[in-house]
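Report on the structure
Residues per chain are reported as follows:
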Amino acid sequence: MSEQLLELSTLRELEEKNARILGPYTLMERAGTAAADLVCHLHESPCTVTVLCGPGNNGGDGYVCARALVERGYDVYCVQVAGKSPKEGTNAYKAKQMWEEIGGRTFEDPYNAPKSQVVVDAIFGIGLNKPLKGEYIDAVQWYNEREAVHVSLDIPTGLDSQTGQWIGSMPGCRSDVTITFLAGKPGLFTGIGQEVCGHVHTDNLGVSIPLSNINLVEPIDFKSVLAPRKLISSKKDFGRLGIIGGGKGKVGAALIAGAAALRMGAGSVLVELVEENLVYDPGCPELMFREKIDFSEIDALVIGPGLGFSQTARQRLNEALDLQIPLIIDADALTMIAQDSELTSKTAQRSAHTVLTPHPGEAARLLKTTVKDVQSDRVMRAQEISVLTGTVTVLKGSGTVIAQKSGITWINPTGTAGLATAGSGDVLCGMIGAMFAQKFDFVSAILSSIYLHGAASENIDCGLLAGDIAPSALHILQNLRMDVKKNGLKQLGELSCHQRIASHNFYSA
Ligand SMILES: NC(=O)C1=CN([C@@H]2O[C@H](COP(=O)(O)OP(=O)(O)OC[C@H]3O[C@@H](n4cnc5c(N)ncnc54)[C@H](OP(=O)(O)O)[C@@H]3O)[C@@H](O)[C@H]2O)[C@@H](O)CC1
Ligand SMILES: Nc1ncnc2c1ncn2[C@@H]1O[C@H](COP(=O)(O)OP(=O)(O)O)[C@@H](O)[C@H]1O
Ligand SMILES: [K+]
């Protein structure tokens, strides 16, 4: 099963329940000790560590971590940020007392702490409920400026665990590693969270985690795609995808989507260019062109890449919405739906699978809001689009969110700024189309494409051409299939997603 991401209210319930079962202090002791284990793993020989401690339970985890590190021979200092001690009688107060009982040294100003090889952010966790101010901002700045390994406990200070945005206008801590407790939180994997958490390590503190509606995409979620193909098979078994695009001067988008679809295994691809003519594509002669695709010839359809807003484009979109085959709607087709309530309700009435792949700008049009508002709560906005249009929404960008109208949601952990290049969205819709043409179940079809598309960019943050993405994604897919053939599906669940990407990346060889 993939990693569950828990919302704040569920985390609070879990905290309360386990405090009753295990005693109030146990989880804090486990959290701080797990953090100390991680620091020891990151810096095996004892070194100097400074822990920034806030006034709440996050700070309490910090004091426990500091004590556990001293017990292992590390030279450790705590900073009581803003001079604010935990309230008497709280778990955090107890943790601080225990730190003092072993002779732990505490500063009020981080600039008094000695040079450290590891700095730990235990200022605020999920309890941050207002923007950072004054000495808290100074402490965050001190943290970010250190030349050291940066470790956040539970969540980088300043980040909203739900939305992945900073609380307030000031940025918070940026870390190399975040050790998050009980379960992952959506905000660690989308929006700014994806960038500032570094490697996320989850420790469930020995507590069983309830099922959640929000999950992190993992290869185990698309196991049907990881089964090797049968030896005896023909291109007919892998379906025919249609792509409609090609408004005036925008042929490339449809061609890029088509080439990506072939790479990802579609048996064949038909391309219809609504306002342009092309007999064949010298860059990808395997593509077939039709003046008008006969819908009875195809198993799935992508509509939108470079489609434009002509009368023909609108008419073809209208017809496409009537089809009883999986439909992937992207780019200009999304804008047309956003601007026309009849098309929106027609989309919502479809009975076959429908996937919308908006970037934040297109999402804002669909919801009649601003990009800023979309980005302020990506999970919620993706869910709103799914409810409005009755579809699966793929809200693209750092930490792509995939929302079903039932509320089940995934966040994709793969992908880098290398994907911020012209045509990468066209590649994605072609990849999803290919998976549908091959008749994989719809969750696997969508999640595999998004995961592999992102993984193809791992370790690359610039210079990637859209045309490079699908070949690299295919290479990763093939390696995953080989692994599954050799070792079975079980081992997929045992590796963290970053380990998997590192071992399969085309470019990291
Ligand atoms: N969930 C679990 O089971 C487990 C949770 N654990 C740990 O507990 C953490 C959550 O702890 P938490 O609830 O005490 O919140 P935390 O983030 O430490 O801060 C709250 C304090 O900060 C204050 N405050 C808030 N904003 C502020 C601001 N801008 N500027 C100044 N002050 C501000 C707020 O005061 P208020 O103003 O609300 O009275 C309150 O005093 C969690 O992230 C994890 O590390 C683990 O120990 C084990 C298992
Ligand atoms: N910084 C980033 N991190 C991760 N993924 C990104 C980033 N920037 C862009 N992407 C991905 O690249 C693709 C861009 O799609 P889109 O904006 O439609 O581009 P285009 O219109 O050029 O094809 C999406 O899949 C998006 O999730
Ligand atoms: K923190």
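To start, this report covers the structure provided alongside it. Since this is a predicted model, take the numbers as computed values, not measurements. Counting from 1, residues in each chain are numbered in the order their sequence is written. Ligands are numbered from 1 and chains lettered from A, in the order in which they are written. Residue-level local features of this predicted model are given only where pLDDT is at least 70; pairs of side-chain atoms are given and counted only at 80 or more, and the full residue set underlies all totals for whole chains, interfaces and linings. Water and hydrogen atoms were dropped before computing side-chain values, which therefore reflect all heavy atoms in the structure.

Considering the coordination of the potassium ion (ligand 3)
For the record, the criterion: Each metal's donors are the N, O and S atoms found within 2.8 Å of it, except that Na, K and Ca use a 3.2 Å limit; water is left out, so coordination can look incomplete. Angular criteria define each label, namely tetrahedral for four donors with all angles between 85 and 135 degrees, square planar for four and octahedral for six donors with opposite donors over 155 degrees apart and remaining angles between 65 and 115, and irregular for whatever fails these tests. Only DSSP runs of H or I covering at least 4 residues are called helices, and only runs of E covering at least 2 are called strands; the numbering of each starts at the N terminus. Only protein chains enter the accessibility calculation, which uses a 1.4 Å probe; a residue is then buried when its area is under 20% of its type maximum, exposed when over 50%, and partly exposed in between.
Coordination of the potassium ion (ligand 3) by the protein is provided by N58 (OD1), D121 (O), D121 (OD), F124 (O), L153 (O) and I155 (O), with metal-donor distances spanning 2.7 to 3.1 Å. For the potassium ion (ligand 3), the six donor atoms are set out with angles of 58 to 147° between them, so the coordination reads as irregular. Spacing between the donor residues of the potassium ion (ligand 3) along the chain follows N-x62-D-x2-F-x28-L-x1-I. In this pair, N58 sits in helix α3 (residues 57-71) while L153 sits in strand β6 (residues 149-153), placing the two residues 95 residues apart along the sequence. For the pair N58 and L153, a shared accessibility class is recorded, and that class is buried.

Section: the packing of helix α1 (residues 8-22) against helix α2 (residues 26-42)
Rules: Axes here refer to lines fitted to C-alpha atoms; in helices the fit is confined to the stretch in contact. Angles between the N-to-C directions go from 0 to 180 degrees. Oblique is the label for any angle not under 35 degrees, not over 145, and not in the 65 to 115 range, which are roughly parallel, roughly antiparallel and roughly perpendicular in turn. Residue contacts are counted whenever heavy atoms from the two residues lie within 4.5 Å of one another. For this classification, the nonpolar set comprises Ala, Val, Leu, Ile, Met, Phe, Trp, Tyr, Cys and Pro, the charged set comprises Asp, Glu, Lys and Arg, and every other residue, Gly included, is treated as polar.
At their nearest, the axes of α1 and α2 sit 8 Å apart, and the two run at 105° to each other. Taken together, α1 and α2 sit at an angle that is classed as roughly perpendicular. Between α1, through E15, N18 and L22, and α2, the contact on the second element is made entirely by T26, L27 and R30. Looking at the contact of α1 with α2 residue by residue, the class counts come to two nonpolar, two polar and two charged.

A few points about the packing of helix α9 (residues 331-339) against helix α11 (residues 360-367)
To be explicit about the condition: Left-handed is the label given to a crossing in which the near helix is rotated counterclockwise from the far helix by less than a right angle, and right-handed is the label when the rotation is clockwise.
One way to put it is that α9 packs onto α11 with a least axis distance of 8 Å and a crossing angle of 20°. With respect to their mutual orientation, α9 and α11 come out roughly parallel. Along this stretch, α9 crosses α11, giving a crossing that reads as left-handed. Residue-level inspection shows A331, L334, T335, I337 and A338 of α9 in contact with α11, the latter providing E362, R365 and L366. When its residues are assigned to classes, the contact of α9 with α11 shows five nonpolar, one polar and two charged.

Some details on the site of ligand 1
For the record, the criterion: We call a residue near a molecule or strand whenever a single non-hydrogen atom of that residue lies within 4 Å of it. Here a polar contact is recorded for every N or O atom pair within 3.5 Å, except that within protein the pair must consist of a potential hydrogen donor and a potential acceptor, and residues adjacent in sequence are included only if both atoms are side-chain atoms. To measure how exposed things are, a 1.4 Å probe is used in the Shrake-Rupley method; for residues, cover is taken only from the protein chains shown.
Near ligand 1 lie 20 residues; those nearest to it are N58, D61, G125, K130 and D154. Between N57 and ligand 1, the recorded distance is 2.9 Å, taken from a backbone N or O atom to an oxygen atom. For ligand 1, whose free accessible area comes to 940 Å², the fraction covered by protein is 82%. Contributing elements (two or more residues each) for the shell around ligand 1: α1, α2 and α3. When residues in the shell around ligand 1 are grouped by element, the largest group, three residues, is from α3. Each residue belonging to the shell around ligand 1 can be placed in one class, and the counts come to nine nonpolar, six polar and five charged.

A look at the sheet that holds strand β18 (residues 409-411)
By definition, the strands of a sheet pair up through backbone hydrogen bonds, in either a parallel or an antiparallel sense. We apply this condition: Any two strands with at least two DSSP-identified bridges between them are counted as paired.
Taking strand neighbours across the sheet as the criterion, the 11 strands line up as β1-β9-β18-β17-β16-β15-β14-β13-β10-β11-β12 in an open arrangement whose pairing is mixed. Of all the strands in the sheet, the pair left with one neighbour each is β1 (4-5) and β12 (288-290). Pairing analysis gives three bridges linking strand β11 (residues 268-273) to β12, with the strands arranged parallel. Within β12, the residue paired with E272 across the bridge is R290. Across the sheet, helix α8 (residues 311-321) touches β10 (240-245), β11, β13 (300-303) and β14 (327-329), and the angle it forms with β13 is around 150°.

Things to note about the environment of T369
Within the secondary structure layout, T369 lies in the loop between α11 and α12 (371-376). Along the chain, T369 and V274 lie 95 residues apart, while their C-alpha atoms are 30 Å from each other. Apart from the residues lying within four places of it in its own chain, the contact partners of T369 are A364 and V374. Within the structure, T369 has its side chain in polar contact with the side chain of D373 (distance 2.9 Å).

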